[in-house]
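Structural characterization, general
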Amino acid sequence: AFLVVTASWADNWQRAAMPCPSPLTLLRDSLRGQREHEKDLRILVSNLPYEGLPKTKQPNRYFPGNAVKTTKYSLWFFIPMNLYEQFHRFANLYFVGLAVLNFVPAVEAFQPEVAIVPICVMLALTALKDGWEDCRRFRSDRRINHTSCRVYSRKVSGFVERHWKDVRVGDLVEVASNEIIPADLLLLHTSDLNGVCHIETASLDGETNLKRRLVVPGLNTQDSSFEPQNFHCTVAVEKPNDNLNQFKGYIETSDMKRLGFGIDSLLPRGCTVRNTDLATGFVVYTGHETKSMMNKNGPQYKRSKLECKMNIDVLFCVILLFSMCLIGALGHYVWLESLPSVPLFLTPGSHGHMDSNPLSGLYMFFTMIILLQIFIPISLYVSIEMVKMGQIFFITNDVDLYEEKTDSRVQCRALNIPEDLGNIHYVFSDKTGTLTENKMVFRRCSVTGTEYSHNENGKSGKCKFPDRKLLQRVLAGGGDWDGCGGIRRCEATDLYLDFFLALTVCNTVVVSTATTARAQRQRVWHQSTSEIDISAQRCYVAESPDEAALVHAAKVYGFMLIARTPNSVKVRLPHGVELNYQVLDTLNFDPHRKRMSVVLRHPISGEIVMYTKGADYTVMDKLIWACLNTAQKNVAASTQRHLNWYAKEGLHTLCFAKKVLSESAYKNWSLLRQEALAAIDNREELLMETAVNLEKQLTLLGATGIEDRLQECVPDTVMALREAGVRLWVLTGDKAETAINIAHASRLLDQEDLVIHMNTDDKAVCKSILDRSLEEGRRHTRPGYPGLSIGLVIDGHTLDMALQSDLVDRFLELARLCRSVLCCRVTPLQKSTVVKVVRERLKVMTLAVGDGANDVNMIQAADVGIGISGQEGMQAVMASDFSISCFKHMKKLLLVHGHWCNSRLSNMAIYFFYKNVTYVNLLFWYQFFCGFSGTSMIDIWLLIFFNLFFTSTPPIMFGVMDRDVSAETLLGLPELYRTGHESEGYSHFTFWIAMLDAFYQSLVCFFIPYLTYQGTDIDIYTFGSSMNTVSLFNILLHLAIEIKSWTLVHWVTMLGSVALYFTVTLVYSATCISCNPPSDPYWTTQQQMSEPIFYLVCVITTVVALLPRFTYRVLSNTLAPTPLIRARHLERLDPAIREQWIKEWRGFRGGPQGGRSYQKQTQEQEPSRITPTLSITNNHLGTPTRSAVRHHHNVEL
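Quick look at the structure, then. Since the structure is predicted, the reported quantities are computational estimates derived from the model, not experimental observations. (Residues numbered from 1 in each chain as written. Predicted model: local features only at pLDDT ≥ 70, side-chain atom pairs only at ≥ 80, totals over all residues. Heavy atoms only, no water.)

**Considering the nonpolar core**
Stated formally: Remark: nonpolar core denotes a set of buried residues (Ala, Val, Leu, Ile, Met, Phe, Trp, Tyr, Cys) joined through side-chain atoms within 4.5 Å. Classification of residues uses two cut-offs on accessible area relative to the type maximum, computed with a 1.4 Å probe and protein chains only: under 20% is buried, over 50% is exposed, and between them is partly exposed. Each helix is a run of H or I in the DSSP string that is no shorter than four residues. Each strand is a run of E no shorter than two, and both are numbered from the N terminus.
Of all hydrophobic cores here, the largest spans 87 residues; its most connected members are Leu372, Leu380, Met908, Phe913, Met937 and Tyr986. Residue contributions to this core peak at 16 residues, all from helix α29 (residues 889-927).

**What to know about the sheet that holds strand β16 (residues 436-447)**
Worth spelling out the cut-off: Being paired, for any two strands, means DSSP has found at least two bridges between them. Every axis corresponds to a line fitted to the C-alpha atoms, with the helix fit spanning only the stretch in contact, and the corresponding angles, defined between N-to-C directions, vary from 0 to 180 degrees.
Pairing is antiparallel in the open sheet, where 9 strands are placed in the order β17-β16-β29-β28-β27-β26-β25-β24-β23. Where the open sheet ends on each side, the last strands, each with one partner, are β17 (450-453) and β23 (560-565). In this sheet, adjacent strand axes meet at a mean angle of 30 degrees when their direction is disregarded. Across 5 bridges, the pairing between β23 and strand β24 (residues 568-572) is antiparallel.

**Side note on helix α20 (residues 683-694)**
Let me state the cut-off plainly: Expected helix span is taken as 1.5 Å per residue step, with the number of steps being one fewer than the number of residues. An arc is given here, and it is the one of the directions from the helix axis to the C-beta atoms.
With 12 residues, α20 extends 17 Å from end C-alpha to end C-alpha; this agrees with the ideal 16 Å at 1.5 Å per step. Among the residues of α20, those classed as buried are Arg683, Leu687, Thr690, Ala691 and Leu694. Projection of α20 onto a plane perpendicular to its axis shows the buried side chains occupying an angular sector of 100 degrees, all on one side.

**Brief notes about the packing of helix α3 (residues 78-86) against helix α6 (residues 117-145)**
Our working rule: Here roughly perpendicular refers to angles of 65 to 115 degrees, roughly parallel to angles under 35, roughly antiparallel to angles over 145, and oblique to all remaining angles. Crossings are classed by handedness, with left-handed meaning an anticlockwise turn of the near helix from the far one by less than a right angle and right-handed meaning a clockwise turn. Contacts are assigned to residue pairs with any non-hydrogen atoms lying within 4.5 Å of each other.
Running from N to C, α3 and α6 point in directions that differ by 115 degrees, and their axes come no closer than 10 Å. The angle between α3 and α6 places the two elements in the roughly perpendicular class. Handedness of the α3/α6 crossing: right-handed. On α6, the residues that touch Phe78, Asn82, Leu83 and Gln86 of α3 are Met122, Leu123, Thr126, Ala127, Asp130 and Gly131.

**Some details on the side chain of Asn1028**
Tracing the chain through its elements places Asn1028 in helix α35 (residues 1020-1042). For Asn1028, a relative accessible area of 0% gives the class buried. Excluding residues within four positions of it along the chain, Asn1028 makes contact with Tyr919, Ile938, Leu942, Phe946 and Tyr1061.

**Side note on unusual backbone geometry**
One non-glycine residue with positive phi stands out, namely Asn178, at about 70 degrees. By secondary structure assignment, the location of Asn178 is in the loop between β4 (172-176) and β5 (184-190). Even without being glycine, Cys713 reaches a positive phi, approximately 65 degrees. Looking at the element boundaries, Cys713 is found in the loop between β29 (699-710) and α21 (714-723). Looking at Cys713, the relative accessible area reads 35%, which means it is partly exposed.

Interpretation in functional terms is not warranted from these geometric data alone.
Structure below.
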């Protein structure tokens, strides 16, 4: 503690004693710092030799500090900055402009001081909210910036405590277990002898499994105690970026040797160190340049389709407003021209003489804009935001969308597009982990051309039962073993031994003790890919479920993974002997190569062996075909045949191979690999090239088939979406046979469907295929033709050609004829490209759903992105708009909540347009009787309160809680979802119908009271008060007609609005004598309510105004009911009768009567035999006959 205080005091004293730099020096440093920031390569050195020197002599002074600032405002500039930000909203700018315009005497419509109150209140409330949120951010920043960490100091020759905000680029920082990393650190030393540091990145990417980080390869800091003052290397890193999976650079040692490093050596800020006592790192990025801060984005903002339609209709309202103002200006001019002399009530202006009639008409134009300003429903946007918050609350708290196993529920990250869930036309889905469970079970394997099944594993769901013949062959091979557990003779040519060794070591599975696993399970509520072997007290933690399945399968046959370090892997063989292989290099899996390899040195023979696993076609193509003898070619052919069988059964297939390397060959390749690792430019390309150069001339070992079962209720969900008119596309990297099998099991394809296969390598052939497929598709979709539903299966290479500019229109036309599309062997980039092309060219609403990092681009490209919190981390969830725990929740999320959100917001938006136009038109009609003078017959306070309090709550509750059809009916009749496609709730037609109805009702609400009180001595404010009351009843009862399901909340808000209106008006009339001169509302309401004619006017006016709409609703619901009306009629029937009606309805519309289970389907169907197929390849170009398709034969074009 004394050292810490002394060092801190000395630093502060030296800073205070340093002279202030000149302005020229500051300018020069600023320009030089800007150039340093723009460089693609940053050269960093340790700060220790420069400790205590002025800032101008610090080598890393150009880079920002580690303090973070997420606040928007400062204390002194809060008001101007907040007002500036609020004025970016058109609504605020619109109302402020009209309030300022009202201060101009020539165009004044209301008392200026009163008219400015609403917008001031709105701006003040918003400023208070923004200030409170910014204060919370300030407190959070201060807490983070003042967190303590340990930084090495040369003065005290040890680590001293400093705040995070004082950490700089070039410092050496020490972190201990369970501590949070203060900045992005390059790992130089750990307490682990193998140079490993485990971190938890949940705060960064949402993934809860531990990540392994390694000391910079070749740095040799683990051999002895690490002394930071002896670190004199130069560190070169790339410019900061937000890619969590990319980091590259090199360390240049004192002997000019470059040591390359990547993301495996980076400790990102905000992550937590686990299972590692101490770790020391070199600070490379600080503050807002760290990975975590560059990935901290606010809530995603997407513009919904309904909002786009509303913007167009708001523009129409602006045109109508200007037209009405122009009429008012012309009417005022004509009225002035018709006067024989100047009336006494027209007084001269400040200049002492009367304005000319044209100038008065121009002034009146602006006065009318102020008077009729609420004609544009700006408050609609605020109300919609409140309604969406309420809808999201109900969605996230739906018990049916809660998954008890994982303790997870629906989450919403895009707050402004819930209504788009009810208007989806295309759904793009991943297969593995989205439609399937992503819980792998080892089912089949092929070794040296011999196939071995593991049916018992399929029944139990776990790999516990080995194949007896294969087990006997494994135990019989692999050399002779002496009694002491040593090896006397090892046959290097035993491919069975190599096959299971490849299963055991060719992966990234981490081995830990059961105690560590239990501790990790206590920190994390769910660990998907770890399983504890209680007998051996070991836990296998894998990055993917298929790796865990392979390791457990090898363990069943006696090949047990004992331990793994960055430089070695220990394996126990079937006879109990443990071998410790030296790991020379690991070529990690990537989506381009679709392979993974590990290079080992055999502990006994010393030979260098590379084991490779990957997709079948990526491994088969790398075999030494020219050097294979007849037996080896037969083995390869048998293995390929087995792979095809596995794919048809829906199994995930992997091939395994090996390669023996000579010492010289490996050394030459290793030099190239080190150069690629140390490269900055084109590093990824160079690493890819070195991997491809090594992974060739392989020897085939065998293949595996892993079962990935369908998730619960996937067939029912898929069938419901199909009946709802949603077209489903599955984009997967698996083989076509695997995808087709899953498609049939999930009912994406039916037995009677016509399936078109597209697989070609030639663009001209692809064009011909598309033309002939289009001809066949049009024939089967022709009206009156008893055709079949069409499905399309296309591989990734053919898809690339089909998406080119000259063929994309043909491809999309064919895809529109298909009910389902399967895209196989596609990359993540192709997934996002397909979504963008369909969305932009077909002008449809798209939804993408996935569970892995490879689905992120697809999810972000769609209008609505849904992430599934499955077995592959949380990156898809964090990039999505909505997240669910399993695919079956898609059914209720879209068919129920999507329909409700779309219907509620559509009806509420139409109602808001109607309400504002109806009320504002009362003021407009009055202008015809007051010389278009801009006079209001309603008191200004009551005018303000009408929209602000009296009629604001009921439509919001209508948008939050109204249900046109129950959830049970929507789930039982998925066809009702099609109403969102047809825009029955909100369209330009319904908008203009509402506008006409509003004009009609405003005429009735004005002229019936006018004709009633005509010729009496009633004053204008008493006349306006009666008209105000009539409008309240008319607007609220109009909403009552539109409400489909009455609840207690609806009754309370409706009756509460009426009670609030009369309470406020009565109190206001009784207490306000001269509150707003020249108006005098004193006792006007009490006087009116004492006269029977007032109640008669209210009843007659409301009935006449609402009679057309009520009559239209009655006749349309009786004579021409929509599907939604018919569904509401069904809900009134007894449950038994309702079920019978629903079955008849579905049968009439062609819907299925029920679905079979997945197991029954897989037992009964064989897709290649019973499905009508257009197999389109390069081999034959013919024309299919209708009879062939009708008799379910395979037809090849």
